[in-house]
Amino acid sequence: MALLKRGSSGGEVKEFQQKLGQLGFDIDADGAFGDQTLIAVVQLQTLFGYSVDGLVGDGTKGLVDAQIGHGWNLKSPDALKSALRAQGKLDGDGKVK
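Residues numbered from 1 in each chain as written. Predicted model: local features only at pLDDT ≥ 70, side-chain atom pairs only at ≥ 80, totals over all residues. Heavy atoms only, no water.

1. Structural notes on the overall build of the chain
Okay, step 1: Per the secondary structure count, the chain includes 4 helices and 0 strands.
Okay, step 2: Traced from its N-terminal end to its C-terminal end, the chain shows the element sequence α-α-α-α.
Okay, step 3: Computed over the C-alpha atoms, the radius of gyration of the chain is 13 Å, within 12% of the 13 Å expected from 2.2 N^0.38 for a compact globule of 97 residues.
Okay, step 4: Of all 97 residues assigned to the chain, the portion counted as buried reaches 33%.
Okay, step 5: Between the centroid of the 11 positive side chains of the chain and the centroid of its 12 negative side chains there is a distance of 5 Å. (Helix = DSSP H or I, 4+ residues; strand = E, 2+ residues; numbered from the N terminus. Rg over C-alpha atoms; globule rule 2.2 N^0.38 Å. Buried < 20%, exposed > 50% of the residue type's maximum accessible area, 1.4 Å probe, protein only. Lys, Arg positive; Asp, Glu negative; His and termini not counted. Charge placed at Lys NZ, Arg CZ, Asp CG, Glu CD.)

Right under this line is the structure:
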């Protein structure tokens, strides 16, 4: 898989954008990695404690696929808690460690 970044375009970008949409990001799956996609990627990387570089490599692609599998959604009321839990940053009572 190719590294996706601002300026990338094509089917792989469109597929990734569709996955971001499944996660609740308001994004047009147009196949062009522009500002809207970059903002979504940076927000996702920030929420899950990844290195924030706006690049979509294997790690970020894997994160997206895993969170789709877990049913995570940005618009869910517990989205932040779920992201922190995934990082191991919440204790058993749901409080930040």
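2. Remarks on the pattern of salt bridges
A side chain of one charge can pair with a side chain of the opposite charge when the charged atoms of the two come close.
Okay, step 1: If you walk through the whole model with that rule in mind, you get 5 salt bridges.
Okay, step 2: Its salt-bridge partner being Arg 6, residue Asp 35 comes within 2.4 Å of it at the nearest N-O pair. Taken together, the positions of Asp 35 in helix H2 (residues 35-47) and Arg 6 in the segment before helix H1 (11-22) put the pair 29 residues apart, joining distant regions of the chain.
Okay, step 3: If you follow the salt bridges from partner to partner, you end up with Glu 15, Lys 19 and Asp 65 in one network. (Salt bridge = Lys/Arg side-chain N within 4 Å of Asp/Glu carboxyl O.)

3. Describing the environment of Val 41
Okay, step 1: One can find Val 41 in helix H2.
Okay, step 2: It is 7.5 Å that separates the C-alpha atoms of Val 41 and Leu 55, two residues lying 14 residues apart in sequence.
Okay, step 3: Residues within four places of Val 41 in sequence aside, it is in contact with Phe 16, Leu 20, Phe 33, Gly 54, Leu 55 and Val 56. (Contact = heavy atoms within 4.5 Å.)

4. Points about H2
Okay, step 1: Its 13 residues give H2 an end-to-end C-alpha distance of 18 Å, which sits within 8% of 18 Å, the value for a rise of 1.5 Å per residue.
Okay, step 2: Listed as buried for H2 are Thr 37, Ala 40, Val 41, Leu 44, Gln 45 and Leu 47. Around the axis of H2, the buried residues are gathered within 165° of arc, so they sit on the same side.
Okay, step 3: Backbone geometry just downstream of H2 places Gly 49 in the positive-phi region, at approximately 70°. (Expected span 1.5 Å × (residues − 1). Arc of directions from axis to C-beta.)

5. Observations regarding the nonpolar core
Okay, step 1: Counting residues in each nonpolar core, the largest one holds 19 residues, and the members touching the most others are Phe 16, Leu 20, Phe 25, Leu 44, Phe 48 and Trp 72.
Okay, step 2: Elements that contribute at least two residues to this core include exactly H1, H2, helix H3 (58-70) and helix H4 (79-86).
Okay, step 3: Looking at this core, the element that brings in the most residues is H2, giving 4 residues.
Okay, step 4: Residues within four places of Phe 48 in sequence aside, it is in contact with Leu 63, Gln 67, Trp 72, Ala 83, Ala 86 and Gln 87. (Core = buried A, V, L, I, M, F, W, Y, C linked by side-chain atoms within 4.5 Å.)

6. Quick look at the environment of Leu 23
Okay, step 1: With respect to the helices, strands and loops of the structure, Leu 23 is situated in the loop between H1 and H2.
Okay, step 2: Judged by its relative accessible area of 0%, Leu 23 is buried.
Okay, step 3: Separated by 50 residues in the primary sequence, Leu 23 and Asn 73 have C-alpha atoms spaced 4.5 Å apart.
Okay, step 4: Not counting chain neighbours up to four residues away, the residues in contact with Leu 23 comprise Leu 44, Val 64, Gln 67, Ile 68, Trp 72, Asn 73 and Leu 74.

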